[in-house]
Each structure stands twice: as structure tokens, then as C-alpha cells.
Amino acid sequence: MTKAKSGVDKNLQNVVGDLDQTGVNSHHANQIQQDSNDRRHQDVLNHDKTEDRDPSHS
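Asks: I'd like to hear about the overall build of the chain, residue by residue, with values.
Replies: Within the chain one finds two helices and zero strands. Out of the 58 residues in the chain, the part that is buried amounts to 0%. A total of about 5,700 Å² of accessible surface is found on the chain, and carbon and sulfur atoms cover 51% of it.

Printed below as a string of C-alpha cells:
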């Protein structure tokens, strides 16, 4: 893992790194965007705190 420089947000460093990539063509640009969407979706799944409210599953 990379260490954040003092006073620099590590998350923003990663975003800047992603923005530095330029799509060679529309297909490649779409793949880069999909990677970002996949990471965002996985993050939402990892932080999902909902409980199963149906007691029949107990």
C-alpha cells in the first residue's frame, strides 16, 4: 500500500491516479468507467448494515 503524504487525503490521491488515465478509445474509456462503478458498488455492499427483518429465516 502507498502511504499518504502528510496533509494529503489518500482517497483523493487514488482518485487523481484514476483521472490521470485517458481512454484510448470509447471501449477502453467505458472499461475504466465500469471499473470505477464496480469498486463503488462493492463498497456499498461492504458497508450494507441492513438486517433480515423476516423472522421466518431464524
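Asks: So what about a nonpolar patch on the surface? Which residues, and what values?
Replies: A cluster of nonpolar side chains, L12, V15 and L19, forms an exposed patch at the surface whose accessible area comes to about 310 Å². Mapped onto the secondary structure, V15 falls in helix α1 (residues 10–19). Classification of V15 as partly exposed rests on a relative accessible area of 41%.

Conventions we followed
Residues numbered from 1 in each chain as written. Predicted model: local features only at pLDDT ≥ 70, side-chain atom pairs only at ≥ 80, totals over all residues. Heavy atoms only, no water. Helix = DSSP H or I, 4+ residues; strand = E, 2+ residues; numbered from the N terminus. Buried < 20%, exposed > 50% of the residue type's maximum accessible area, 1.4 Å probe, protein only. Areas by Shrake-Rupley, 256 points an atom, 1.4 Å probe, with all protein chains shown as cover. Patch = residues over 30% accessible without salt bridge, like charges linked within 9 Å, V, L, I, M, F, W, Y side chains within 5 Å. Salt bridge = Lys/Arg side-chain N within 4 Å of Asp/Glu carboxyl O.

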